[in-house]
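If you want the building blocks of each chain, they are given just below.
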Amino acid sequence: MRSIGKAADRPARARAAAAAAVAAIAAGVALVLRRMRPAADSEPAAPGQASWRCECGQAFRVSGAGRHQVFWLDGAAEADPVLGDRCPACERPLAPAEEPARAAA
């Protein structure tokens, strides 16, 4: 005769082993994702590698070229670009297409 108790335990053991494996994988993924995240106290790099100054004197940081240029007021946060194609101070166009962004004097 076969013991019913041992046969009934096999599926339960398999489920427990599968649950333990899933938990171990999830913990590993969580650890990797946590290490990839930048430290909370580290400050993000400021956008825009070039500087540009409008004729009115307003200073900007500029990233990109041509129609892909993005302007930030000098000192503005990365999440706060200039929304539009005109200087907020004087309404002049920002770096016209025929004229590349100029370095600030």
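Residues numbered from 1 in each chain as written. Predicted model: local features only at pLDDT ≥ 70, side-chain atom pairs only at ≥ 80, totals over all residues. Heavy atoms only, no water.

J.: Explain the nonpolar core to me, please; I cannot follow it from the model alone.
T.: One broad trend across soluble globular proteins is that nonpolar side chains are buried collectively. Counting residues in each nonpolar core, the largest one holds nine residues, listed as Trp52, Cys54, Phe60, Val62, Phe71, Val82, Cys87, Leu94 and Ala95. Apart from residues lying up to four places away in sequence, Cys54 is in contact with Phe60, Cys87, Cys90 and Arg92. (Core = buried A, V, L, I, M, F, W, Y, C linked by side-chain atoms within 4.5 Å. Buried < 20%, exposed > 50% of the residue type's maximum accessible area, 1.4 Å probe, protein only. Contact = heavy atoms within 4.5 Å.)

J.: So what exactly am I meant to see when it comes to the sheet that holds strand 2 (residues 59-63) here?
T.: Two orientations exist for strands paired in a sheet by backbone hydrogen bonds: parallel and antiparallel. Taken in spatial order, the three strands of this open sheet run 1-2-3, and their pairing is antiparallel. On the outer flanks of this sheet lie strand 1 (50-53) and strand 3 (70-73), each paired with one strand and no other. In this sheet, neighbouring strand axes are inclined to one another by 35 degrees on average, regardless of whether the strands run parallel or antiparallel. (Pairing = 2+ DSSP bridges. Helix = DSSP H or I, 4+ residues; strand = E, 2+ residues; numbered from the N terminus. Axes fitted to C-alpha atoms, helices over the stretch in contact; angles between N-to-C directions.)

J.: Which parts of the structure should I look at to understand the pattern of salt bridges?
T.: When the charged atoms of two side chains lie near each other, side chains of opposite charge can form a pair. This structure, assessed with the given rule, holds one salt bridge. Between Arg92 and Glu55 there is a salt bridge; the shortest N-O distance is 3.7 Å. One end of the pair, Arg92, is in the segment after strand 3; the other, Glu55, is in the loop between strand 1 and strand 2, and 37 residues separate them in sequence. Using a relative accessible area of 35% as the deciding quantity, one classes Arg92 as partly exposed. Taking the relative accessible area as the measure of exposure, Glu55 reaches 63% and is therefore exposed. (Salt bridge = Lys/Arg side-chain N within 4 Å of Asp/Glu carboxyl O.)

J.: Even after reading the chapter, I still don't get the confidence of the model for the protein chain, so can you show me in this structure?
T.: Interpretation of this model should avoid reading the predicted coordinates in detail wherever pLDDT is low. Residues of the protein chain with pLDDT of at least 70 account for 72%, and the chain-wide mean is 79. Looking at the elements of the protein chain, mean pLDDT is at its lowest for helix 1 (residues 4-36), recorded as 83, and at its highest for strand 3, recorded as 92. (pLDDT = per-residue confidence, 0-100.)

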